Every structure is written in structure tokens, then in C-alpha cells.
Amino acid sequence: MALAFSEEWAAAWCRLLNASEEYAAAAHAWEGSVVLRVRSSSSAVFLDLHHGRCRAARVATDIDVAGAAFIFEADIGVWKSLLQNQSNPILALMTGRLELARGEFGRLLPYANAAKELLHLVTEIDTEFDD
């Protein structure tokens, strides 16, 4: 079992992304770095996503956060729901439960299927939440 937002968890997610033909197809035109951050916490993960591949995944450093094209923030309960495929990320964004703290929402819309597959794959990790 891997703790959500840990090095082990991020590395497992990256491996799953790189093994998925569905993700590769859905994200073939996507490029950009993403930080997923737990609100009111130091927990954050950095994903370097490039044309359907995960080039890096790790606990986010200050440099990762400063350079990320997109930063998503939410309370741990929202992340738990999203990462266990119990919530829709687009609905969470539209209702403000998930915040796009950096980046343009319009740039994300063409990649809704990639986001869906990205979140689907993370549910394959036996994840423990520190809440």
C-alpha cells in the first residue's frame, strides 16, 4: 500500500501511465507539467506529462511548483474522492471543490479524456490516505 502523494505512489502512477495505451492515445497532444496539491498541507505531487508519456513523477519541490504549467488544489477529502474514482474532476472544478490555482481551464478541455484516463489509472494503486 502506498501513501497518497508520496514518492512511491507518484512513481507507481507514472509507471501505470507509461504502460497504458489508452492514456497514450488520449494524451498524445498534451504537454505540460502538473502539480496536484493538498490544500492546507505540504503534500503535493509533480507530474511531467509529455505527449502521452509520464517523463517524471515525484513529491513536488518548490522548483516544481514554481515551474508547473498547471496546479490543482483541493482538500484531502476531495482528492480522496477523485483518486478513488468516486467524483468527476470536471464537476469538481466547476463547483469549486477542485481549484485550478494555475493554468487556463480552456487549455484543459481538449484533454478531458486524458484526465479521465489519468485518474482511472491512479485507482489501480493500493492507496492509503493520511487524513
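Notes on the structure in this doc start here. (Residues numbered from 1 in each chain as written. Predicted model: local features only at pLDDT ≥ 70, side-chain atom pairs only at ≥ 80, totals over all residues. Heavy atoms only, no water.)

**Some thoughts on the packing of aromatic side chains**
Two descriptors summarise a pair of aromatic rings, namely the distance from one centre to the other and the angle between the planes of the rings. According to the stated counting rule, one finds five aromatic pairs in the structure shown. An angle of 70 degrees between the planes, with centres 5.9 Å apart, marks the rings of Phe 5 and Trp 79 as edge-to-face. You can see Phe 5 sitting in the loop between strand S1 (2–3) and helix H1 (7–19) and its partner Trp 79 sitting in helix H4 (residues 76–83), a full 74 residues away along the chain. With respect to burial, Phe 5 and Trp 79 carry one shared label: buried. (Phe/Tyr/Trp six-rings, centres within 6.5 Å; stacked < 30°, edge-to-face > 60°. Helix = DSSP H or I, 4+ residues; strand = E, 2+ residues; numbered from the N terminus. Buried < 20%, exposed > 50% of the residue type's maximum accessible area, 1.4 Å probe, protein only.)

**A closer look at the state of the cysteines**
Within the structure shown, the criterion is met by one disulfide. What pairs with Cys 14 in a disulfide is Cys 54, and their sulfur atoms sit 2.3 Å apart. Because the torsion about its S-S bond is -115 degrees, the bridge between Cys 14 and Cys 54 counts as left-handed. One end of the pair, Cys 14, is in helix H1; the other, Cys 54, is in strand S4 (residues 53–59), with 40 residues separating them in the sequence. The pair Cys 14 / Cys 54 is uniform in exposure class, with both members buried. (Disulfide = S-S within 2.5 Å.)

**Topic: helix H7 (residues 112–122)**
When H7 is considered as a whole, its buried residues turn out to be Ala 114, Glu 117, Leu 118, Leu 119, Leu 121 and Val 122. The inward-facing, buried residues of H7 contact H1, helix H2 (21–26), strand S3 (44–50), H4, helix H5 (89–94) and strand S7 (127–128). (Contact = heavy atoms within 4.5 Å.)

**Some thoughts on a nonpolar patch on the surface**
A cluster of nonpolar side chains, Met 94, Phe 105 and Leu 109, forms an exposed patch at the surface whose accessible area comes to about 320 Å². The residue Met 94 is located in helix H5 in this model. Classification of Met 94 as exposed rests on a relative accessible area of 64%. (Patch = residues over 30% accessible without salt bridge, like charges linked within 9 Å, V, L, I, M, F, W, Y side chains within 5 Å. Areas by Shrake-Rupley, 256 points an atom, 1.4 Å probe, with all protein chains shown as cover. Salt bridge = Lys/Arg side-chain N within 4 Å of Asp/Glu carboxyl O.)

Fair warning: the whole summary comes from geometry, so function is off the table for now.
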